[in-house]
Amino acid sequence: VELISYLAWCGGRASRDDVIANLFESKNDKAANAGVRMAANGVRALMPDSGCLEIDANTVRWTAGGLESDFTRLRTRFARIPSMRPAGTSWTPSVR
């Protein structure tokens, strides 16, 4: 669930390093990479299309259409309200 939620936050795509840094406590590269693989395999096992997630050495990407959550819908709504943004900027929350 955390992996799907994180990818929704990031617009469906995130660097592997960011996924590891934000979802896994281990600083050991082998353990962290194993955690990414295990999370991805768990997602694939739950989805009708096992190709819903692509992972390579640098990127984790959702491929089964758009990911949406209450947060992403709320973020989109806030982005459309000019008075909710700092003057002269577009509002995009940073990840982390």
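In this report, we go over the structure that sits alongside the text. What you see is a predicted model, and the numbers here were worked out from it, not measured in a lab.

Rules used in this analysis
Residues numbered from 1 in each chain as written. Predicted model: local features only at pLDDT ≥ 70, side-chain atom pairs only at ≥ 80, totals over all residues. Heavy atoms only, no water. Helix = DSSP H or I, 4+ residues; strand = E, 2+ residues; numbered from the N terminus. Buried < 20%, exposed > 50% of the residue type's maximum accessible area, 1.4 Å probe, protein only. Contact = heavy atoms within 4.5 Å. Pairing = 2+ DSSP bridges. Axes fitted to C-alpha atoms, helices over the stretch in contact; angles between N-to-C directions.

### Looking at the overall build of the protein
On a plain count of helices and strands, the protein comes out with 4 helices and 3 strands. Secondary structure elements of the protein, listed N to C terminal, follow the sequence α-β-α-α-β-β-α. Burial analysis of the protein (96 residues in total) assigns 23% to the buried set. For the protein, the share of sequence-separated contacts (at least 6 apart) that also reach a separation of at least 24 residues comes to 47%.

### Brief notes about the sheet that holds strand β1 (residues 13-15)
On the basis of which strands lie adjacent, the open sheet formed by 3 strands has the order β1-β3-β2 and antiparallel pairing. Each edge of the open sheet carries a strand with a single partner, namely β1 and β2 (53-55). Geometrically, the sheet is characterised by an average inter-axis angle of 10° between neighbouring strands, direction not taken into account. Two strands pair when backbone bridges link them, and β2 and strand β3 (residues 59-62) are joined in this way by 3 bridges, in the antiparallel orientation. Bridged to E54 within β3 is R61. Against the sheet, helix α1 (residues 2-9) touches β1, β2 and β3, its axis set at about 90° to β3. Seen against the sheet, helix α3 (residues 29-46) touches β2 and β3 and runs at an angle of roughly 160° to β2.

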